[in-house]
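Take a look at the letters that make up each chain.
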Amino acid sequence: MENKINKNNTGTLTALRAKKYRLFWTASIASVGATQLLTLTAGKLVFDISGSELLLGVAAAVFGIGTIAINFLGGVVADRIDKRILMIITSFAMSVSLLLLAIIDALNYETVFLVVIFSTVMGLISGFDWPVRSSIFPQFIDNKSQMMSAVALNAMLWQGLRILAPASGGFLIEYLGTYSVFFISAFGFLVMGLVMIIIKPNKSEQIQIESKSVIKDTLEGINFILNNKLFKVLILSTYLTSGLGMSYLQLLPSFSNIYKNTIYGDLSAQMLGLLASAGGIGALTGTAVTAKLRDKINLGKLVLASNVFSVIFLFLFGLSNIFIFEENIYQNPWFSYNLIISSILIIFTGLLNSIFMVGSMSLLQLRVPENLRGRVMGIHTITFSLM
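Q: Summarise the packing of helix α4 (residues 112-136) against helix α14 (residues 373-380); cite the residues concerned and give the values.
A: Viewed as axis vectors pointing N to C, α4 and α14 meet at an angle of 120 degrees, and their least axial separation amounts to 8 Å. With respect to each other, α4 and α14 are oriented oblique. Crossing of α4 over α14 shows right-handed handedness. Contacts between α4 and α14 involve P131, S134 and S135 on the former and, on the latter, R373, G374, M377 and G378. Residues that form the contact of α4 with α14 fall into these classes: 2 nonpolar, 4 polar and 1 charged.

Q: Please provide a residue-by-residue account of the side chain of T90, values included.
A: Here T90 is to be found in helix α3 (residues 83-106). Taking the relative accessible area as the measure of exposure, T90 reaches 4% and is therefore buried. In this structure the side chain of T90 is engaged in a polar contact, spanning 3.1 Å, whose partner is the backbone oxygen of M87.

Q: Describe the packing of helix α13 (residues 337-367) against α14, naming the residues involved and giving the relevant values.
A: At a minimum axis distance of 11 Å, the contact between α13 and α14 shows a crossing angle of 165 degrees. On the basis of the axis angle, α13 is roughly antiparallel to α14. Judged by the twist between their axes, the crossing of α13 over α14 is right-handed. Along the contact surface, α13 presents M361, L364 and Q365, while α14 presents R373, M377 and H380.

Q: Which residues make up the side chain of D129, and what values do they have?
A: Considering the arrangement of structural elements, one finds D129 in helix α4. Within the structure, D129 has its side chain in polar contact with the side chain of T90 (distance 2.8 Å). Residue contacts for D129: discarding those within four places in its chain leaves M87, T90 and S91.

Q: Describe a nonpolar patch on the surface, with residues and values.
A: A contiguous nonpolar surface patch, about 1200 Å² in accessible area, is contributed by F171, Y175, L176, I263, Y264, L274, Y330, W334, F335, I340, I344 and F348. For the nonpolar patch, the secondary-structure elements that each account for two or more residues are α5 (147-176) and α13. With respect to the helices, strands and loops of the structure, F335 is situated in the loop between α12 (326-331) and α13.

Q: Go over the packing of aromatic side chains, please, and point to the residues and values.
A: Under the defined criterion, the tally for this structure stands at 5 aromatic pairs. Pairing F24 with F140 gives two aromatic rings, centres 5.4 Å apart and planes at 35 degrees, and the pair type is tilted. Here F140 lies in the loop between α4 and α5 and F24 lies in helix α1 (residues 19-50), a separation of 116 residues in the sequence. There is no split in this pair, since F24 and F140 are both buried. Both rings, one in Y179 and one in F183, keep their centres 6.5 Å apart while their planes meet at 90 degrees; by these two values the pair is edge-to-face. Within this pair, Y179 and its partner F183 are both found in helix α6 (residues 178-198), separated by 4 residues, close to a single helical turn.

Q: Break down α4 for me, citing the residues and quoting the values.
A: A rise of 1.5 Å per residue sets the reference length of α4, with its 25 residues, at 36 Å; its end C-alpha atoms lie 35 Å apart and thus fit the reference within 8%. The sharpest bend along α4 measures roughly 30 degrees and falls at S126. The buried fraction of α4 is high, at 18 of 25 residues.

Q: I'd like a rundown of the nonpolar core, residues and numbers included.
A: Counting residues in each nonpolar core, the largest one holds 44 residues, and the members touching the most others are Y21, F24, M196 and V376. No other element matches the 6 residues that α5 contributes to this core. Leaving out residues up to four positions away in the same chain, V376 has contacts with G221, F224, I225, F231, I235 and V368. I104, V112, W130 and F182 belong to the second-largest nonpolar core, a separate cluster that totals 23 residues.

Q: I'd like a description of α3, backed by residues and values.
A: Compared with an ideal rise of 1.5 Å per residue, which puts 24 residues at 34 Å, α3 spans 34 Å between its outermost C-alpha atoms and is within 8% of the ideal. One side-chain oxygen of the residue at the start of α3 lies 2.9 Å from the amide nitrogen of R84, identifying that residue as D82. A positive backbone phi angle near 65 degrees is found at N108, which sits one or two residues after α3.

Q: Can you lay out unusual backbone geometry for me, pointing to particular residues and giving the numbers?
A: Positive phi outside glycine occurs at N108, with the angle close to 65 degrees. Tracing the chain through its elements places N108 in the loop between α3 and α4.

Q: Lay out empty space enclosed by the protein with the relevant residues and their values.
A: The full count for this structure, using the stated rule, is 2 cavities of 30 Å³ or more. Computed from the structure, the second largest cavity encloses a volume of approximately 30 Å³. Broken down by element, the residue count for the lining of the second largest cavity peaks at 3 residues, all from α4.

Q: How would you sum up the confidence of the model for the protein? Please name residues and give values.
A: When pLDDT is averaged across the protein, the result is 79; 87% of the residues are at 70 or more. In this model residues 1-9 is a low-confidence stretch, pLDDT under 50, and it forms 31 contacts with partners more than four residues away in sequence or in other chains.

Q: Just give me the short version of the environment of N328, but keep the residues and values in it.
A: With respect to the secondary-structure elements, N328 resides in helix α12. On the accessibility criterion, N328 (18% relative accessible area) is buried. In the structure, N328 is positioned 10 residues away from N338 in sequence and 8.7 Å away in space, judged by C-alpha atoms. At 2.8 Å, the side chain of N328 and the backbone nitrogen of Y337 are in polar contact.

About the criteria used
Residues numbered from 1 in each chain as written. Predicted model: local features only at pLDDT ≥ 70, side-chain atom pairs only at ≥ 80, totals over all residues. Heavy atoms only, no water. Axes fitted to C-alpha atoms, helices over the stretch in contact; angles between N-to-C directions. Helix = DSSP H or I, 4+ residues; strand = E, 2+ residues; numbered from the N terminus. Parallel < 35°, antiparallel > 145°, perpendicular 65-115°, else oblique. Left-handed = near helix turned anticlockwise from the far one by under 90°. Contact = heavy atoms within 4.5 Å. Nonpolar A, V, L, I, M, F, W, Y, C, P; charged D, E, K, R; others polar. Buried < 20%, exposed > 50% of the residue type's maximum accessible area, 1.4 Å probe, protein only. Polar contact = N/O pair within 3.5 Å; in protein donor to acceptor, adjacent residues only side chain to side chain. Patch = residues over 30% accessible without salt bridge, like charges linked within 9 Å, V, L, I, M, F, W, Y side chains within 5 Å. Areas by Shrake-Rupley, 256 points an atom, 1.4 Å probe, with all protein chains shown as cover. Salt bridge = Lys/Arg side-chain N within 4 Å of Asp/Glu carboxyl O. Phe/Tyr/Trp six-rings, centres within 6.5 Å; stacked < 30°, edge-to-face > 60°. Expected span 1.5 Å × (residues − 1). Bend = angle between axes of the 7 residues up to and from the residue. Core = buried A, V, L, I, M, F, W, Y, C linked by side-chain atoms within 4.5 Å. 1 Å grid on protein atoms, 1.4 Å probe; cavity = no way out; pocket = protein on both sides within 12 Å on 5 of 7 lines; lining within 4 Å. Points joined across faces, edges and corners; volume = space filled by probe spheres on them. pLDDT = per-residue confidence, 0-100.

Encoded structure:
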């Protein structure tokens, strides 16, 4: 792997000098926040209806399976047609889906089956949305020297909203109900779609793709990865990290369930938000750490070390939840041993995972050929479906 990334014009905020990227990034606050709220709220709703960890896992799995099933096709489509048009379509499709789910939930017609169906549909839509989202932003920067900044800013956006969205979502669920969060998420994707109508990609970044069959196009992207050691190692590593190292995020509703019976009543929704936000704090810190260290340390070694240590902290988090101090939780839930220990371990897990994800994504984005960007990054975004 590359020793150090070029320091010239790679300040973390450099990409925001590009007006088109600045608009894209600002609009992404709405849609990425909506995605974070959706993940949290759908899991909470299923668990509240069923009380089953199995069904909670099923609801999360169908979203991921739907995304993975379409991801390869989504990458091909992203390379074949106007990425901006595709993102407008996916943004509005997500908005409509969330609006329908919000209405069903508000009318008290929600069932596990319906939530699973909507999760599947939105997973399929995301199979098109995520490849284009991860491959379109280079079309909005002014030059390649802003690429590292754009990757870091995208990561900061996701990680920052992992703090704000779950924290606010937990309290919204408690006081306004899950349907209110679905309405807000629908609005977030609507904003993204409207902004994408306004901005146009830089003409210099528009690549004409030779028309081939979908299968041939897909195989071309896969063959590129298989024949490129860096891409092969990094993408396989991100799959393993997301599938095994970050799947705990989907199970947080179960971990927070121990706070249902406290002296202050049911605090499970608030604690779910706090635990999810702890991971976001760690992830945002990890993004900042990566920005500071990328010019001072071998990036390959940094990526590898962060991946290894994240596994250790995740193991300790799981181990800590074997021991439940019920009396302490009942009397003092906000400062209970379990909450403090879990939060600290989740922060470090999120920090290390973030260093790995930002470092590996930067290396990939800087080296992927433009005519393969949609397919290659589409295969890479399967990562997020494995969480």
